[in-house]
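Coordinate analysis (summary)
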Amino acid sequence: LIVILVSWCAVSSPIVPPSARRGNVRWGVRIDLHTHSTVSDGTQTPSELVATAAGRGPVWALADGPLDVLALTDHDTTAGWDEAVRAAVEHGITLVRGTEVSARSGSVNVHLLSYLQDPDEPALVELFTRVRVSRETRAQRMVELLSVDFPITWYGVLEQTAVGTTIGRPHLEIGRHAEQAQRLL
């Protein structure tokens, strides 16, 4: 298990800045070691995320060109890895499989980026399950509180998420809008 402690990390700049490039020659390797898909709180599926990183996604996504290396580090799950691996092979991009692990140090919440871990390691599977259950319990309570003032139900949130998804605040917002749209029909 390789774990790297980071405070706030999204490495997507090239080793040599754009100002040091000459013509069409690009020096260095463009990497992003901290991304999320819809398996946690991202906005693209793992395959869409990989396609975008490889330069085959929305034009606005990578103004400075495609990435060479992408790490998929969804919160407390490895559920998107298989899909991302297939997409990486299809699009010719190097994929680093990882996870953003939620942890606690005293009264401080800490997020650790973990790379290349064994997704079947029993202790890690148990940790991810425990954290996801805790997140789900918290999200259910948030839905309860929100439902007093907004059209949202837990069923509506679940209807908008795939099985195995680590539910977070973005899913509550999507669920709320979906229920609001249903009421307008």
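Look up a bit, the structure's there.
Described in the following lines is the structure provided in the data block. (Residues numbered from 1 in each chain as written. Predicted model: local features only at pLDDT ≥ 70, side-chain atom pairs only at ≥ 80, totals over all residues. Heavy atoms only, no water.)

1. Focus: the pattern of salt bridges
- According to the stated counting rule, one finds three salt bridges in the structure shown.
- Note that R135 and D76 form a salt bridge whose closest N and O atoms lie 3.2 Å from each other. Placement of the pair is R135 in helix α3 (residues 122-146) and D76 in the loop between β3 (69-72) and α2 (81-91), with a sequence separation of 59 residues. By the burial criterion, R135 is buried, and D76 matches it.
- Among the salt bridges present, the one from R130 reaches E126, with a minimum N-O distance of 2.8 Å. With R130 and E126 both in helix α3 and four residues apart, the pair spans about one turn of that helix.
- Exposure remark for E126: the relative accessible area of 42% places this residue in the partly exposed category. (Salt bridge = Lys/Arg side-chain N within 4 Å of Asp/Glu carboxyl O. Helix = DSSP H or I, 4+ residues; strand = E, 2+ residues; numbered from the N terminus. Buried < 20%, exposed > 50% of the residue type's maximum accessible area, 1.4 Å probe, protein only.)

2. Observations regarding the layout of surface pockets
- Its boundaries defined by the atoms lining it, the largest pocket holds a volume of some 470 Å³.
- Those elements that place two or more of their residues in the lining of the largest pocket are β4 (94-105), β5 (108-115), α3 and α5 (169-184).
- At four residues, α3 tops the list of elements feeding residues into the lining of the largest pocket.
- Of the residues belonging to the lining of the largest pocket, the class tally is four nonpolar, eight polar and five charged. (1 Å grid on protein atoms, 1.4 Å probe; cavity = no way out; pocket = protein on both sides within 12 Å on 5 of 7 lines; lining within 4 Å. Points joined across faces, edges and corners; volume = space filled by probe spheres on them. Nonpolar A, V, L, I, M, F, W, Y, C, P; charged D, E, K, R; others polar.)

3. Brief notes about the side chain of Q117
- With respect to the element layout, Q117 can be found in the loop between β5 and α3.
- At 3.1 Å, the side chain of Q117 forms a polar contact with the side chain of S114. (Polar contact = N/O pair within 3.5 Å; in protein donor to acceptor, adjacent residues only side chain to side chain.)

4. With respect to the side chain of T78
- One can find T78 in the loop between β3 and α2.
- Sequence-distant contacts of T78, that is, excluding residues within four places in its chain, are made with T99, Q117, P119 and F128. (Contact = heavy atoms within 4.5 Å.)

5. So, helix α1 (residues 46-53)
- The element α1 is extensively covered by neighbouring structure, given that six of its eight residues are classed as buried.
- Where α1 is buried, its residues touch β2 (31-35), β3 and α2.
- Looking one or two places after α1, you find G55, whose phi comes out positive at around 90 degrees.

6. Here we look at α2
- Among all positions of α2, only W81, A84, A87, A88 and H91 are buried. All buried residues of α2 fall inside an arc of 125 degrees around its axis, so they share one side. Turned more than 90 degrees off the buried face of α2, the exposed positions are D82, R86, V89 and E90. (Arc of directions from axis to C-beta.)

7. Description of the environment of I93
- Looking at where I93 falls in the secondary structure, it is placed in the loop between α2 and β4.
- Along the primary structure I93 and G55 are separated by 38 residues, whereas in three dimensions their C-alpha atoms are 9.8 Å apart.

8. So, the nonpolar core
- With 13 residues, the main nonpolar core has V50, L70, L72, I93 and L95 as its most contacted residues.
- Listed by contribution, the elements that provide at least two residues to this core are α1, β3 and α2.
- For this core, the element with the most residues is α2, which contributes four residues.
- Aside from chain neighbours lying at most four places away, what touches I93 is V50, A53, A54, L67, D68, V69, L70 and A88.
- With seven residues, the next largest nonpolar core counts A139, W154, V157 and L172 among its residues. (Core = buried A, V, L, I, M, F, W, Y, C linked by side-chain atoms within 4.5 Å.)

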